[in-house]
Amino acid sequence: MRKIIAGNWKMNGKLENLLEIKKISNEFALSEIEIVICPPFTLLSAASEIAKNIYLGAQNLHPESEGAFTGEISADMLVDLGITHSIIGHSERRTEHNETNELVARKVNISLNKKLQTIICIGETELQRKENRTLEIIEQQLLDSLASNITFEKLIVAYEPIWAIGTGLIPEASEISKIHNFIRVKLVELFGSNASNIPLLYGGSVNGSNAPEIFRVANVNGALVGGASLSFEKFAPIIRAIENTDP
Ligand code: 13P
């Protein structure tokens, strides 16, 4: 199984922060881990000049290939730049930009069709968790955001409980285990036994200290990291943690 550590810089990063990408690129030149950094769009072009042994991803894309969509970026444009990954349906986009499962599904489709490694984000709110609706919400998000006829070879699923994002809170390992196993079962139900190869990432307040325990959980094949991906000093220990985890 592939192991993936993806850093989502969100709306952070200026030209001076390219140095962090350079350091990661140099330090992990020989790593077998799939390291992905998703800086803001403004840095992608310059980052692609310096990211030698790591991958670059976009935090969003538009569901159409081109046209009169002011302010938007298409999958074609990203591919043109040599970008290999995308993040689709992050909870911040679902909440702040009213992205529905239906829109997320269209974005996933074009992203996969353009051969981008496509990280789809799913996860419950704090209220949904309190109401014991986590599995129900996750199943609905999977069913409504993934068409059954997609080519899922480049699909990656990130479980990001919304209440754990940027809060310093993380679920118990047993809870992550239960949910990741559930996602695995649902993906196999949707796509067949080959879906057991779809990497499952955990996201939400991952740092160098909690990473080793998270990576020991079965069906956790990596992490989608926010705040701790912004600096080499915080991101590198997370990559080392997964390098040191038994397959
Ligand atoms: P934090 O790691 O800052 O909690 O963010 C997680 C996230 O949203 C990654 O996409």
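Residues numbered from 1 in each chain as written. Predicted model: local features only at pLDDT ≥ 70, side-chain atom pairs only at ≥ 80, totals over all residues. Heavy atoms only, no water.

1. Thoughts on the overall build of the chain
Note the following rule: Put simply, DSSP marks the helices as runs of H or I at least four residues long and the strands as runs of E at least two long, and each gets a number from the N terminus on. For the radius of gyration, the atoms used are the C-alpha atoms, and the globule rule reads 2.2 Å times the number of residues raised to 0.38. The buried label applies to any residue whose accessible area, calculated with a 1.4 Å probe on protein chains only, is under 20% of its type's maximum; exposed applies above 50%, and partly exposed to all values in between. In this description, contact between two residues means that some pair of their heavy atoms is separated by no more than 4.5 Å. Values of accessible area rely on a 1.4 Å probe in the Shrake-Rupley scheme; residue burial ignores everything except the protein chains shown. Charge assignment: positive for Lys and Arg, negative for Asp and Glu; neither His nor the chain ends contribute. Positions of charges follow a simple convention, taking NZ of Lys, CZ of Arg, CG of Asp or CD of Glu.
Secondary structure summary: the chain contains 10 helices and 8 strands in total. In terms of overall size, the chain behaves like a compact globule, its C-alpha atoms giving a radius of gyration of 17 Å where 247 residues would be expected to give roughly 18 Å. Counting only C-alpha atoms and orienting by the principal axes, one finds that the chain spans roughly 45 × 45 × 35 Å. Within the span of the chain, comprising 247 residues, buried residues form 51% of the whole. Across the chain, the fraction of contacts at a sequence separation of at least 24, relative to all contacts at a separation of at least 6, is 72%. As presented, the chain carries roughly 11,600 Å² of accessible surface, and 49% of it is formed by carbon and sulfur atoms. Taking the 23 positively charged and 30 negatively charged side chains of the chain as two groups, their mean positions are separated by 2 Å.

2. Considerations on the site of the ligand
Rules: Here a residue is near a molecule or strand as soon as one of its heavy atoms is found within 4 Å of it. Polar contacts, as counted here, are pairs of nitrogen or oxygen atoms within 3.5 Å of one another; within protein the pair requires one atom able to donate a hydrogen and one able to accept it, and residues that are adjacent in sequence qualify only if both atoms are side-chain atoms. Under the scheme applied here, ten amino acids are nonpolar (Ala, Val, Leu, Ile, Met, Phe, Trp, Tyr, Cys and Pro), four are charged (Asp, Glu, Lys and Arg), and all others, including Gly, are polar.
The environment of the ligand is formed by 13 residues, the closest being Lys-10, His-90, Gly-166, Ser-205 and Gly-227. At 2.7 Å, a backbone N or O of Ser-205 approaches an oxygen atom of the ligand. At a separation of 2.9 Å, an oxygen atom of the ligand approaches a polar backbone atom of Gly-226. Protein chains shield 94% of the accessible area of the ligand, which is 310 Å² for the free molecule. Partitioning the shell around the ligand into residue classes produces 4 nonpolar, 7 polar and 2 charged.

3. A look at helix α7 (residues 134-145)
Residues three or four positions apart in an α-helix share a direction because the helix packs 3.6 residues into each turn. We apply this condition: Helix span, as expected, comes to 1.5 Å for every residue beyond the first.
Taking 1.5 Å as the rise per residue, α7 with 12 residues should run 16 Å; its terminal C-alpha atoms sit 16 Å apart, in good agreement. Elements that come into contact with the buried residues of α7 comprise α4 (91-96), α5 (101-113), β5 (117-122), α6 (126-130), β6 (155-159) and α8 (173-191).

4. A look at unusual backbone geometry
Although it is not a glycine, Asn-98 adopts a positive phi angle of roughly 50°. The backbone of Lys-115 sits at a positive phi, close to 70°, despite the residue not being glycine. Mapped onto the elements of the fold, Lys-115 is located in the loop between α5 and β5.

5. A short note on the pattern of salt bridges
Put simply, the rule is: For this analysis, a salt bridge means a side-chain nitrogen from Lys or Arg found within 4 Å of a carboxyl oxygen belonging to Asp or Glu.
Considering all chains together, one arrives at 14 salt bridges under this definition. Between Lys-114 and Asp-76 there is a salt bridge, with its nearest N and O atoms 3.2 Å apart. Taken together, the residues Lys-114 in the loop between α5 and β5 and Asp-76 in helix α3 (residues 75-80) connect sequence positions 38 residues apart. By sharing partners, the salt bridges in this structure join Arg-93, Glu-99 and Lys-107 into a single network.

6. Some points on the nonpolar core
So the rule is basically this: To qualify as a nonpolar core, a set must consist of buried Ala, Val, Leu, Ile, Met, Phe, Trp, Tyr and Cys residues joined through side-chain atoms within 4.5 Å.
Counting 64 residues, the largest nonpolar core has Ile-5, Leu-155, Val-157, Ile-183, Leu-187 and Phe-215 as its most contacted members. Top contributing element to this core by residue count: helix α10 (residues 232-243), with 7 residues. Those residues in contact with Ile-5, other than ones at most four positions away along the chain, are Ile-33, Glu-34, Ile-35, Val-36, Phe-215, Gly-222, Ala-223, Val-225, Phe-235, Ile-238, Ile-239 and Ile-242. Core analysis: the next-biggest nonpolar cluster, separate from the first, contains 11 residues, Cys-38, Ile-87, Ala-158 and Leu-201 among them.

7. Describing the state of the cysteines
Applicable threshold: Count a disulfide wherever a pair of cysteine sulfur atoms falls within 2.5 Å.
Evaluation of the coordinates by the stated rule reveals 0 disulfides. This cysteine, Cys-38, is not joined by any disulfide, and Cys-121 carries the nearest cysteine sulfur, 9.4 Å off.

8. Notes on the packing of aromatic side chains
Each pair of aromatic rings is reported with the distance of its centres and the angle of its planes. The test is simple: Aromatic pairing here means that ring centres of Phe, Tyr or Trp (its six-membered ring) are within 6.5 Å. Orientation follows from the plane angle: under 30 degrees is stacked, over 60 is edge-to-face, and everything else is tilted. For a ring to carry a charge above it, either NZ of a lysine or CZ of an arginine must fall within 6 Å of the ring centroid while also lying within 35 degrees of the normal to the ring plane.
Going through the model one piece at a time under the given rule, you end up with 2 aromatic pairs. One residue, Arg-129, lies across the ring of Trp-163, its end atom 3.9 Å from the ring centre.

9. Quick look at the side chain of Glu-175
Positionally, Glu-175 belongs in helix α8. Side-chain polar atoms of Glu-175 contact the side chain of Arg-129, separated by 2.8 Å. Sequence-distant contacts of Glu-175, defined by excluding residues within four places in its chain, comprise Arg-129 and Trp-163.

10. Details of the pairing of strand β3 (residues 55-58)
To keep it simple, the criterion reads: A pair of strands is considered paired only if DSSP assigns at least 2 bridges between the two. Orient the strands so they point away from the viewer, and a crossover whose first-strand-to-second-strand path over the helix runs clockwise is right-handed.
By the bridge criterion, 2 bridges tie strand β2 (residues 34-38) to β3 in an arrangement that is parallel. Residue pairing for β3: Val-36 is matched across the bridge by Tyr-55. Handedness of the β2-helix α2 (residues 41-50)-β3 crossover: right-handed. As paired strands, β3 and strand β4 (residues 85-88) are joined by 2 bridges and run parallel to one another. Following the sheet pairing, Ala-58 is matched in β4 by Ser-86. Handedness of the β-α-β unit built from β3, α3 and β4 comes out right-handed.

11. Side note on α2
Stated formally: Our arc is simply the arc of the directions from the helix axis toward the C-beta atoms.
Inspection of α2 places Leu-43, Leu-44 and Ala-47 among the buried residues, and these make up the whole buried set. Within α2, the buried residues cover an arc of 120° as seen down the axis, which keeps them to one side. Looking at α2, the residues exposed on the side facing more than 90 degrees away from the buried face are Thr-42 and Glu-49. Elements in contact with the buried residues of α2: α1 (18-27), β3 and α3.

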